[in-house]
Amino acid sequence: MLHAVTNYVHERRRGLTRAAGYVGGAYLLGRYVVERLEDVRTRVVQDRLARENLRRRFEQNQQDVAFTIMALLPTLGAHILEGMDVEGVTRELQSFSKAPRPYEPAPLAGSSRASSIERPHREEQDMRSENGSISVISSIREDGSPSELTASSSSWVDQFSTMDSSQVSQAPEENVPSMSGPIPQPRPDTPRSNVGTDLSDSITTSSASSTGQGESRISPPESAISDMTSSITKSKAELWKEVKILTFTRTLTIIYSMTLLSLLTHIQLNLLGRSKYIQSIIQLEQDERMREQLQYNTSVYSLFWGDNSLEEAEPELEEAINEETERKYLTLSWWILHVGWKDVGERVRRAVEEVFEGVSLKTKFTISDLHRLISDVRRRVEYEVTFEGKERRINFFSTLLPPTPETLHHVLTQGGIPASSASSPDAVFHALLDETRTHLCSASFERVLEVCLDHATEVLLAGLQRHVFGGDDGPDARERLAAMLPGLARWCHLALEGLPNELVDGLADVREMAAFSAIIYSSYEDRFR
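Residues numbered from 1 in each chain as written. Predicted model: local features only at pLDDT ≥ 70, side-chain atom pairs only at ≥ 80, totals over all residues. Heavy atoms only, no water.

Engineer: Sorry if this is basic, but what is going on with the packing of aromatic side chains here?
Structural biologist: Under the definition given, this model contains 4 aromatic pairs. With centroids separated by 4.2 Å and ring planes inclined at 25 degrees, the aromatic side chains of Phe248 and Phe356 adopt a geometry described as stacked. Here the residue Phe248 occupies a position in helix α7 (residues 222-297), and Phe356 occupies one in helix α10 (residues 334-356), the gap between them amounting to 108 residues. For the pair Phe248 and Phe356, one class covers both residues: buried. (Phe/Tyr/Trp six-rings, centres within 6.5 Å; stacked < 30°, edge-to-face > 60°. Helix = DSSP H or I, 4+ residues; strand = E, 2+ residues; numbered from the N terminus. Buried < 20%, exposed > 50% of the residue type's maximum accessible area, 1.4 Å probe, protein only.)

Engineer: Mind showing me how you'd approach the pattern of salt bridges here?
Structural biologist: Between side chains of opposite charge, pairing is possible as soon as their charged atoms come close. Under the defined criterion, the tally for this structure stands at 26 salt bridges. Of the charged contacts in the structure, one is a salt bridge between Arg291 and Glu288, with a shortest N-O distance of 2.2 Å. Residue Arg291 and its partner Glu288 are both found in helix α7; the two are separated by 3 residues, about one turn of the helix. Ionic pairing is found between Arg380 and Asp376, a salt bridge with its closest N-O pair at 3.4 Å. Of this pair, Arg380 and Asp376 both sit in helix α11 (residues 367-382), 4 residues apart, which is roughly one turn of the helix. On the basis of relative accessible area, Asp376 is assigned to the partly exposed category, the value being 23%. (Salt bridge = Lys/Arg side-chain N within 4 Å of Asp/Glu carboxyl O.)

Engineer: How do you make sense of the environment of Gly77 when you look at a structure like this?
Structural biologist: Position of Gly77 among the secondary structure elements: in helix α2 (residues 13-83). For Gly77, a relative accessible area of 5% puts it in the buried group. Expressed as a C-alpha distance, the spacing of Gly77 and Met258, which sit 181 residues apart in the sequence, is 9.4 Å.

In structure tokens:
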């Protein structure tokens, strides 16, 4: 029996050997596939956890950006509202209605009948003019604070919507009623007394002559009155012009300043957040190496075979950002809060004067017309003409960061950094500063800035459409330029002081802004090569 089995195996040894090889190879292949699948699964899980960790950190970083911007807004708002005091110019206009009115000479005796006929017409004009001008001032609160955004009909600029062009230029002249007291004058229609004709004639003649002499002594020269009236007219006209220019200047300065501050804060906090994320990954990698080394040292394999692969020197990585460096880097926002916005304001004011100088306050505009004017101002602000006569887009670099080492040292010391620390060399701080300048000069920054300014302008126009033009009237609704000024003035306060802030939240939700932040936050591949 045994011999028969031996013969059977011997005769079929090649087939059995081949079958055993197939089975063994299949087993080994199966084990290899299972191990590789397990490695792939582990790698996928780790990648998913890493992506989830990165996404969570990135979202938390964007929330920190929003909180930081809201913390910086009160400082920026205080400087802009104080430097571009539209309400102060309004109070100056209010002082004109409370100022003493100049003296008006009494009419001569011979023209008393004509003056009595013209007086009702003049009083009607004075009443209409005074109602127009006083309504402008009386609608302002005593403390100078603006009313709600929806109450634009009772604003200090509503005078412009009811007065014609001649009243705008001649309002002070019409708003100067007579301050003269009663002066004895002869009354032609008064019945004569029973005295004789000669005596009454002599009394009448003497009364007329004494009245003429009184007028020559009391009434001021006509040239002095004319100079006084023209001076008041010029001053008041200039104030109305200043209200128009300053209102649009402040509005657009807020749009530019808040947009630039938002972009700078996104760059700063994303660079810092990226550095913290890299340090956390490095720390995890070091902990994993220590765990593997500990497992190897406690294994039986290490007793017979030595393996120094786990003890190889780690590559040198960038130095971590300490708290002092982080504080110095975040202090750079002091520049735009105290200096940079003024540079923007000067550019905006020049552009507003060029565009709105010849625009009458009485002119009616649709929301599209106003958008066209604002776009014209933006083009003049965002572009400059080169020596070759071509337009070149500016990058607001000197508005966002101090341009020289002296101004950089000044910013750090003014921001609370000790002078010794501000002047000491800091390689990590200067590396962050150089990378920030690189991002500010990139084409991506120009694109994101343009899109964010477009969005901020849309937020402004949407507010005016709702509260000035009337949301139900459609895009063809027209409104006088003067009626837009109170809405613009109140929108400035809402943009700087509103909670929740529509402009800040809207800029954070812009797709290009989120993409730009993601690019900055995830640009760390070259640091591990």
